[in-house]
Amino acid sequence: MSQRQGWLEGWRLLAALTLSLVVLSLWIASMRQFEVEGVRMVIRFTARSSLTLFCLAFSAAALARLWPNGWTRWQRRNRRYLGLSFAASHAIHAAAIIAFAGMDPAAFVEATSPASYIFGGIGYAVIIAMSATSFDRAAALIGPRAWRTLHLAGGYYLWLQFMVSFGKRVPAMPLYAAFLVPLLIVMALRMIAMARRPRGQIVAAG
């Protein structure tokens with residue numbers, strides 16, 4: 001493992017990623033003088049950063065099982081902090097959405113639907129629950145079986161939501177199909193790792 005990877009561990013990794021996301025989001029918004037188009041650019045940016053961080057966390061256990069090396073062990077060891085960084089990215093995403101709704105209500109209504117409120121709301125509830133139980137005390141409080149169920153089911157729900165969110169844009173913007181590729185790869189990796197696991201074990205949500 002490189003010295004840089006050795007430093008980027010645990011809470012320092014979370015702090016570095018979160019700070020980077022905040023700075024980049026502010027810089028992107030400033031490119032349009034913090035007006036509506038700048039806010040919408042932040043929404044698109046954080047959707048993509050959330051996708052990247054989610055895939056890193058969701059594939060961590062599978063990659064470490066299939067290809068154990070310095071990178072995958074680092075990824076597996078830090079999947080909690082990658083997951084929390086995903087939550088931070090999606091928190092910025094939510095803040096940008098709220099800003100968009102306040103700055104241009106008509107365009108916001110046109111860009112959303114009742115389904116997006118329902119499934120998006122469920123998604124955020126899942127993220128909050130998974131983030132809250134990423135801490136040892138909260139995880140111990142709900143017990144290992146409930147923790148595994150929450151993080152496994154929650155991970156698959158978020159994967160599906162990403163597939164739908166990016167996939168529905170493909171007919172109008174075919175380049176969005178590129179964002180489905182990492183999601184499909186991550187799911188394939190998990191299925192392969194599950195097929196190779198010893199009987200009685202499961203691949204964790206990360």
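In short, a report on the structure. (Residues numbered from 1 in each chain as written. Predicted model: local features only at pLDDT ≥ 70, side-chain atom pairs only at ≥ 80, totals over all residues. Heavy atoms only, no water.)

Points about the packing of aromatic side chains
Each aromatic ring pair is characterised by the separation of its centres together with the angle its planes make. Quick note on the threshold: Two aromatic rings, drawn from Phe, Tyr or Trp (for Trp, its six-membered ring), form a pair once their centres lie within 6.5 Å of each other, and the interplanar angle then sorts them: stacked below 30 degrees, edge-to-face above 60, tilted otherwise. Runs of H or I in DSSP of at least four residues are treated as helices and runs of E of at least two as strands, each being numbered from the N terminus. Here's how the labels work: a residue is buried when its accessible area is under 20% of the maximum for its type, exposed when over 50%, partly exposed in between, all with a 1.4 Å probe on protein chains only. A ring is scored as having a charge over it whenever the NZ atom of a lysine or the CZ atom of an arginine sits within 6 Å of its centre and within 35 degrees of its normal.
Applying the stated criterion across every chain yields a total of 14 aromatic pairs. Each ring, one from Phe58 and one from Tyr156, has its centre 5.4 Å from the other, and the planes form 85°; the classification is edge-to-face. Placement of the pair is Phe58 in helix 3 (residues 36-58) and Tyr156 in helix 10 (residues 144-167), with a sequence separation of 98 residues. Judged by its relative accessible area of 2%, Phe58 is buried. According to the relative accessible area criterion, Tyr156 is partly exposed, its value standing at 25%. A centroid spacing of 6.2 Å and a plane angle of 20° characterise the contact between Phe162 and Phe166, whose relative ring orientation is stacked. With a gap of four residues between them, Phe162 and Phe166 both fall in helix 10, about one helical turn apart. Like Phe162, the residue Phe166 is buried in the burial classification. Three or more aromatic residues link up through ring pairs in this structure, and these residues are Phe54, Phe58, Phe86, Tyr156, Phe162, Phe166, Tyr176 and Phe179. A cation over an aromatic ring shows up here: Arg190 above the ring of Phe58, its NZ or CZ 4.1 Å from the ring centre.

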